[in-house]
Structures are given as structure tokens and as C-alpha cells.
Amino acid sequence: MQKQDYYARIEAPDMLDYGVYLQCDKLLACQKPLNGMVNGDELQFQIVHQVEELWMKLMAYSLVDVIGFMEERNTHRVVTLMGRVHRIMRMMTAQLDLLETMSPKEYQEIRLQLGNGSGQESPGFKFLLRMPPDLWHAFKTNYLDAPGLTIADIYDGKYDHGDSYVVAEALVEYDELFQKFRANHMYLIQRSIGLGSKSLKGRPVELLQAGARHRFFPDLWDIRHEMTDRWGSQYGVVRDSISKHDAAE
């Protein structure tokens, strides 16, 4: 087998209309030359992270439209687009599993190629972290303030599973999926370099776990325990046992 012949065909395939439209020549040139990879896992490492950036670009693009549709109170479009964002988040999380096929030793060889860079510098990730305040402002203005509702109203007092509720739940699901992605990424870091080590920025990796506990829309999470506590005070903390009651009968 002549590896170089295969490499040449992989990196410069025949380009017909489909490849031209997708600019595959540019896309396939975005990775290091195959004969220059530090080990057999570096191509995977680059591609997974490049694909993540592309998904985050699509997610940001979709969320910009979501903000516009919230301003129009076009709830059907908001929910549809948020469903797309949710699917992207699930795919991004699933893709991290590929990186778990690397051994710690092989990852260290790749890590040396990053210079002083780290995932904390991801342009797509950093941009997405800046979007929640704008999403929240659009939601609050158009789905709470405009109809004269509070979060407690849409979840309890005036609950009707209406537009305000379904948009709120779409934001909650995005929040949850994003934090699951961050949590899975932490497990990947633990598996590849360990939590007690320092990141490439010199920070202990365990400090990065704080980000995984962050919530984009805390008000939408807080209402749940507030309602549960309120209901609990009405029902009583200690209730009759169902099993004892049945036994007595």
C-alpha cells in the first residue's frame, strides 16, 4: 500500500458540481497536510473541532433569526428554529464521543501543536456565550411585558400552555442542552488530561467546571423550585404513607 498515493487522492479529489458548490477543495485544505500529522489522531482532533465551529456558526445564525421572530411574536417560527438549535446541540455533544477514542499519550502529542491555544478561545463558543442576554431581552419584552405576564403566571397562576410558555420551555431546553455539552466536555478533559492538571492557559482544569454550572436563564429555572416549595407548604412536608394506608385496609 502506498500511503502517499491515497493521501493525494483524499486531499485532492475529483471536483464535480456538488464539490464545487460546497467548496470541498477549500474545506479539505483546512486541515494540516496528511503527511504532516503528528499522529493518527490529529486529523480527527482537527475535524471534530472544525465541525463544532461550523455547527456553532449555524446555531448563532439561527438564534439571530429567533430573536427577530420573537420581536414579531411569530411563535411558530421561534419554536421551529429553536428545535433546530436543540438538534445541533445534541449533535455537538454526541460528536465529543469521537475524541474519547484518543489515548492520553496521543492527546499530549496533539496538545503540543496548539501553542498557547485552548478550547476557551473557540470563536463560536465565545459568541454563543454572548447571545443569552439578547435572547432573554427579546423574550421578556415580547412574551412577558407585552402581554402583562410574569414567569409565575405562565408556569402556574395563568398557565395555559400558551405562546409565552412554549417559548420559555424552548429557551430552557437550549439552556439545558448547552450545559450538558459543557459537562460532557469536562468529562472529555478529565479523560484526556485529568482534572487536577492545568489548562493551556495555566488555570487548573477543575476551575473550568464552574462554567458547566452556569445557567443562561436562571429565572426560568428558579420558578420550578419556587413553585415546588410553595406547593409543598400547602401539601405538607410529611404526608401519610400510601403503603401503610393500603396495608391497613
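The residue count restarts for each chain, going from 1 along the sequence in the order it is written. The model is predicted, so local features are restricted to residues of pLDDT at least 70 and side-chain atom pairs to those at 80 or more, both for listing and for counting; the totals for chains, interfaces and linings are taken over all residues. For side-chain calculations, the full set of non-hydrogen atoms in the structure is used, while hydrogens and water are omitted.

> What exactly am I supposed to notice about the side chain of Gln 179 here?
Residue placement: Gln 179 occurs in helix H10 (residues 163-192). Relative accessible area serves as the criterion here: at 5%, Gln 179 is assigned to the buried category. N or O atoms closer than or at 3.5 Å make up a polar contact, with two conditions inside protein: a donor-capable atom paired with an acceptor-capable one, and, for residues adjacent in sequence, both atoms drawn from side chains. Within the structure, Gln 179 has its side chain in polar contact with the side chain of Asp 175 (distance 3.0 Å). By definition, any uninterrupted DSSP run of H or I lasting at least four residues is a helix, any uninterrupted run of E lasting at least two residues is a strand, and each is numbered from the N terminus. Think of it in three bands: residues with accessible area under 20% of the maximum for their type are buried, residues over 50% are exposed, and the middle band is partly exposed, with areas taken using a 1.4 Å probe on protein chains only.

> Help me understand helix H12 (residues 218-235), please; the structure alone is not making it clear to me.
Counting along an α-helix, one turn takes 3.6 residues, and residues three or four places apart therefore face a common direction. With 18 residues, H12 should cover 26 Å at 1.5 Å per step; its first-to-last C-alpha distance of 26 Å lies within 8% of that length. Those residues of H12 lying buried are Leu 220, Ile 223 and Met 227. What you see down the axis of H12 is that its buried residues fit within an arc of 40°, all on one side. What points out from H12, more than 90 degrees from its buried face, is the exposed set Asp 229 and Ser 233. Between two residues, a contact is recorded if the distance between any of their heavy atoms is within 4.5 Å. As for H12, its buried residues are in contact with helix H8 (132-145), helix H9 (151-157) and H10. Multiplying 1.5 Å by the residue count of a helix minus one yields the expected span of that helix. Each direction from the helix axis to a C-beta atom contributes to the arc, which is the arc of those directions.

> Looking at this structure, I do not really get the nonpolar core. What am I missing?
A general feature of soluble globular proteins is that nonpolar side chains tend to end up buried together. Residues belong to one nonpolar core when they are buried, are Ala, Val, Leu, Ile, Met, Phe, Trp, Tyr or Cys, and are joined through side-chain atoms within 4.5 Å. With 50 residues, the main nonpolar core has Phe 139, Tyr 155, Tyr 174 and Leu 220 as its most contacted residues. Elements with a minimum of two residues in this core: helix H4 (42-71), helix H5 (75-99), helix H6 (104-111), helix H7 (123-129), H8, H9, H10 and H12. For this core, the leading source of residues is H10, giving 11 residues. Leave out the neighbours within four places in its chain, and Tyr 155 touches Tyr 165, Ala 168, Glu 169, Val 172, Leu 220, Ile 223, Arg 224 and Met 227.

> Can you walk me through unusual backbone geometry in this structure?
Although it is not a glycine, Gln 23 adopts a positive phi angle of roughly 55°. With respect to the helices and strands, the residue Gln 23 is situated in the loop between helix H2 (17-21) and helix H3 (24-28).

> It is not clear to me how the packing of aromatic side chains should be interpreted in this structure. Could you clarify?
To describe a pair of aromatic rings, one takes the distance between the centres and the angle between the planes. Here the aromatic set is Phe, Tyr and Trp, taking the six-membered ring for Trp, and pairing holds for ring centres within 6.5 Å; pairs whose planes are under 30 degrees apart are stacked, those over 60 apart are edge-to-face, and all others are tilted. On inspection of all chains with the given rule, the structure shows 11 aromatic pairs. Arranged with centres 6.1 Å apart and planes meeting at 15°, the rings of Phe 139 and Tyr 143 form a pair that is stacked. Highlighted residues: Phe 139 and Tyr 143, both in helix H8, separated by four residues, approximately one helical turn. A relative accessible area of 0% means that Phe 139 is categorised as buried. According to the relative accessible area criterion, Tyr 143 is buried, its value standing at 0%. When the centroid spacing of 5.9 Å and the interplanar angle of 70° are considered together, the rings of Tyr 174 and Phe 178 count as edge-to-face. Within this pair, Tyr 174 and its partner Phe 178 are both found in helix H10, separated by four residues, close to a single helical turn. Relative accessible area serves as the criterion here: at 0%, Tyr 174 is assigned to the buried category. The class for Phe 178 is buried, based on a relative accessible area of 1%. Ring pairs connect the aromatic residues Phe 125, Trp 136, Phe 139, Tyr 143, Tyr 174, Phe 178, Phe 216 and Phe 217, which therefore count as one cluster. Cation placement over rings: the criterion is NZ of Lys or CZ of Arg within 6 Å of the ring centroid and within 35° of the ring normal. A cation sits over an aromatic face here: Arg 73 above Tyr 143, 4.7 Å from the ring centre. Stacked on the ring of Trp 221, the Lys or Arg Arg 215 has its end atom at 5.6 Å from the ring centre.

As far as function goes, none of this settles anything; it's purely spatial.
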